Amino acid sequence: MGSGAPPAQIPTSFGHELRACLRCRLVKTYDQFRTNGCENCPFLKMDEDHEHVADCTTPNFTGIISVMDPSRSWAARWLRIGRFAPGCYTLAVSEELPEEMKNICEEERVTYVPPKRV
Ligand SMILES: [Zn+2]
């Protein structure tokens, strides 16, 4: 039996519509977030309320890596995504989740680590 989460979708294209989840930094296309939500953050309900896609993801991110085995990858440990689904992740996002979405994280008792202010 495999361990860990099932793989997340990988982006179907690498064009301008790519977006990164502000909580877990998973990178997918806008359409993928809208259709399937975020595999790591189902509680953000991006597939149910499409405005949440705009609120919880950003087109502004730096770098992208693919992590196929988060539990064993040094990069995943460094990114603190060791327990997230395998997929494509960005190294850094510069925006924070809106207050409303932070509250959802708190209610769901999930960790949210805001980006460091420069
Ligand atoms: Zn996410």
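Scoring rules and cut-offs
Residues numbered from 1 in each chain as written. Predicted model: local features only at pLDDT ≥ 70, side-chain atom pairs only at ≥ 80, totals over all residues. UniProt positions renumbered as here; feature names shortened; annotations may be inferred. Helix = DSSP H or I, 4+ residues; strand = E, 2+ residues; numbered from the N terminus. Contact = placed C-beta atoms within 7 Å. Pairing = 2+ DSSP bridges.

As annotated in an unreviewed UniProt entry, the protein chain is Transcription elongation factor SPT4 homolog from Lithospermum erythrorhizon. Check the Sequence similarities (unreviewed entry) section of the UniProt entry for the protein chain; it says "Belongs to the SPT4 family."

**Let's talk about the UniProt feature "domain: Spt4/RpoE2 zinc finger" (unreviewed entry) in the protein chain**
When the UniProt feature table is mapped to this numbering, "domain: Spt4/RpoE2 zinc finger" (unreviewed entry) covers residues 18-94. Across residues 18-94, the secondary structure splits into 25% helix and 30% strand, with the terminal C-alpha atoms separated by 15 Å.

**Examining the environment of D47**
With respect to the helices, strands and loops of the structure, D47 is situated in the loop between α1 (30-36) and α2 (51-56). Expressed as a C-alpha distance, the spacing of D47 and G37, which sit 10 residues apart in the sequence, is 4.5 Å. Beyond its immediate chain neighbours, meaning those up to four positions away, D47 contacts R34, T35, N36 and G37.

**What about the sheet that holds strand β1 (residues 18-21)?**
Strand order in the open sheet formed by three strands is β2-β1-β3, with antiparallel pairing between adjacent strands. Of all the strands in the sheet, just β2 (27-29) and β3 (57-58) have a single pairing partner and so form its edges. The pairing of β1 with β3 spans two bridges and is classified as antiparallel. Considered in β3, the bridge of A20 is made with T58.

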